[in-house]
Amino acid sequence: MGAGVCFVTCSVLRASFLKYFFLNLYVILSLFADLTRQVVLRYRGVDSLEYGHTYYYTDCLLTVALFVAVISLASRVFAELHLARYVRLVAVLLLLGTAGFSYAVVAQSTDRLATMFAVELSQNLYFVGLVLTYLLWGAVLKLQETRTRLVQMVLSLGLYFSAYAGSYALVNLAPKYEVVQYLAPILGCFLPISWAVSVMRHSEDARLTPARLVAVPR
Amino acid sequence: MSRKLGALALALGILVGAMELKTLVTAHGKTAVIMANGVSPVPKLPLPPAN
């Protein structure tokens, strides 16, 4: 939670709150979601239906917010090619497609359809975000993007998504080791911290130096 | 028009790739869900009761 507050504070101090609005929005929503979950957890307990509903609905909301944050970074990367409009079109199509696919998967379970839909949408959108981030990594490399902040934020997202998938695999491979159960909460802090470091260390105008060309003697 | 079709094809490609990846990652998983947000404990999945 402290990491999220740190990122939002750094964004406001460096006048980057509106430039990276959707990233800030995701972090603020995750703070509120954590607070809400803690309140429900305290009064109802981890096994209660209320906590389950609160957890999965807020998770779905956060995954949609994270997806929008990835799209906002993609829009910035492709803005110079005047492709931002098509990025938004792809985003809408992806969101609708994922929602339709998720509904098709859970349509048969008439009991708790809404909750199952939230869980399914959250998971599917998480993997869509993962693939999108890898594509964005590829685009950053291919377009030789030099905006330091943007590159670092995209790299952080890719690392975050990959680490989560890795931690999930570890939980399944080695469930007897308690340490793997703490990986996910630790990773939860990684994204806002890395974004905060990026915002604090580099200005919006900072550029990466491209690798020098090697002259091949003939 | 071709760019719009390209956007549609890209969206479909990403969706198919993501679902393939999900199947690959979660196929042998004992835990049912992968949750990416927050530090709160993950509750039990609200599965519908078996008939």
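Being a predicted model, the structure only gives us computed values, none of them experimental.

### Observations concerning the overall build of chain B
What chain B contains, in helices and strands, is one helix and zero strands. Evaluated residue by residue, chain B yields a buried proportion of 24% over its 51 residues.

### Quick look at the confidence of the model for chain B
Model confidence for chain B is summarised by a mean pLDDT of 74, while 61% of its residues fall at 70 or above. Both scores are given for the predicted complex: the pTM is 0.87, the ipTM 0.80.

### Considering helix 4 (residues 84–106) of chain A
Residue pairs three or four apart in sequence face the same way in an α-helix, which turns once every 3.6 residues. The first and last C-alpha atoms of helix 4 of chain A sit 33 Å apart over 23 residues, in line with the 33 Å expected at 1.5 Å per residue. Restricting attention to buried positions, one finds in helix 4 of chain A the residues Val87(A), Val90(A), Ala91(A), Leu94(A), Gly97(A), Thr98(A) and Ser102(A).

### Quick word on the nonpolar core
Ranked by internal contacts, the top residues of the largest apolar core, which has 57 residues, are Val70(A), Leu73(A), Ala74(A), Val128(A), Val154(A) and Ile14(B). Put simply, the parts of the chain that give this core at least two residues each are helix 1 (2–13), helix 2 (21–44), helix 3 (49–78), helix 4, helix 5 (113–142), helix 6 (148–173) and helix 7 (183–201) of chain A together with helix 1 (2–26) of chain B. Setting aside anything within four residues of it in sequence, one finds Leu73(A) in contact with Leu136(A), Leu150(A), Met153(A) and Val154(A).

### Overview of the packing of helix 4 of chain A against helix 1 of chain B
The N-to-C vectors of helix 4 of chain A and helix 1 of chain B enclose an angle of 45°; their axes lie 9 Å apart at closest approach. Comparing their axes, helix 1 of chain B and helix 4 of chain A come out oblique. For the crossing formed where helix 4 of chain A meets helix 1 of chain B, the hand is right-handed. Between helix 4 of chain A, through Tyr86(A), Leu89(A), Val90(A), Leu93(A), Leu94(A), Gly97(A), Thr98(A) and Phe101(A), and helix 1 of chain B, the contact on the second element is made entirely by Arg3(B), Lys4(B), Ala7(B), Leu8(B), Leu10(B), Ala11(B), Ile14(B), Leu15(B) and Met19(B). When its residues are assigned to classes, the contact of helix 4 of chain A with helix 1 of chain B shows 13 nonpolar, two polar and two charged.

### Here we look at the environment of Ala33(A)
Along the polypeptide, Ala33(A) turns up in helix 2. Sequence separation between Ala33(A) and Ser102(A) is 69 residues, and the spatial gap between their C-alpha atoms is 23 Å.

### A few points about helix 2 of chain A
Residue and element names in this part refer to chain A. Its 24 residues place the ends of helix 2 34 Å apart at the C-alpha level, agreeing with the 34 Å of an ideal helix rising 1.5 Å per residue. Three or more residues of helix 2 are buried, namely Leu-23, Asn-24, Tyr-26, Val-27, Ser-30, Ala-33, Arg-37 and Val-40. Buried residues in helix 2 make contact with helix 1, helix 3 and helix 7. Phi turns positive one or two residues past the end of helix 2, at Gly-45, with a value near 90°.

### Brief notes about the environment of Tyr86(A)
Of note, Tyr86(A) is situated in helix 4. Assessed through the 17 C-beta atoms surrounding it within 10 Å, Tyr86(A) is described here as partly exposed. Through-space distance from the C-alpha of Tyr86(A) to that of Phe117(A) is 28 Å; in sequence the pair is 31 residues apart. Ignoring anything within four residues of it in the chain, the contact list for Tyr86(A) reads Arg3(B) and Ala7(B).

### Structural notes on the confidence of the model for chain A
For chain A, per-residue confidence averages 84 on the pLDDT scale, and 90% of positions sit at 70 or higher. Element-level mean pLDDT values for chain A span from 82 in helix 6 of chain A up to 91 in helix 2 of chain A.

Reading guide: rules and limits
Residues numbered from 1 in each chain as written. Chains lettered and ligands numbered in written order. Predicted model: local features only at pLDDT ≥ 70, side-chain atom pairs only at ≥ 80, totals over all residues. Helix = DSSP H or I, 4+ residues; strand = E, 2+ residues; numbered from the N terminus. Buried ≥ 20, exposed ≤ 12 C-beta atoms within 10 Å, placed from the backbone. pLDDT = per-residue confidence, 0-100. Expected span 1.5 Å × (residues − 1). Core = buried A, V, L, I, M, F, W, Y, C linked by C-beta atoms within 7 Å. Contact = placed C-beta atoms within 7 Å. Axes fitted to C-alpha atoms, helices over the stretch in contact; angles between N-to-C directions. Parallel < 35°, antiparallel > 145°, perpendicular 65-115°, else oblique. Left-handed = near helix turned anticlockwise from the far one by under 90°. Nonpolar A, V, L, I, M, F, W, Y, C, P; charged D, E, K, R; others polar.

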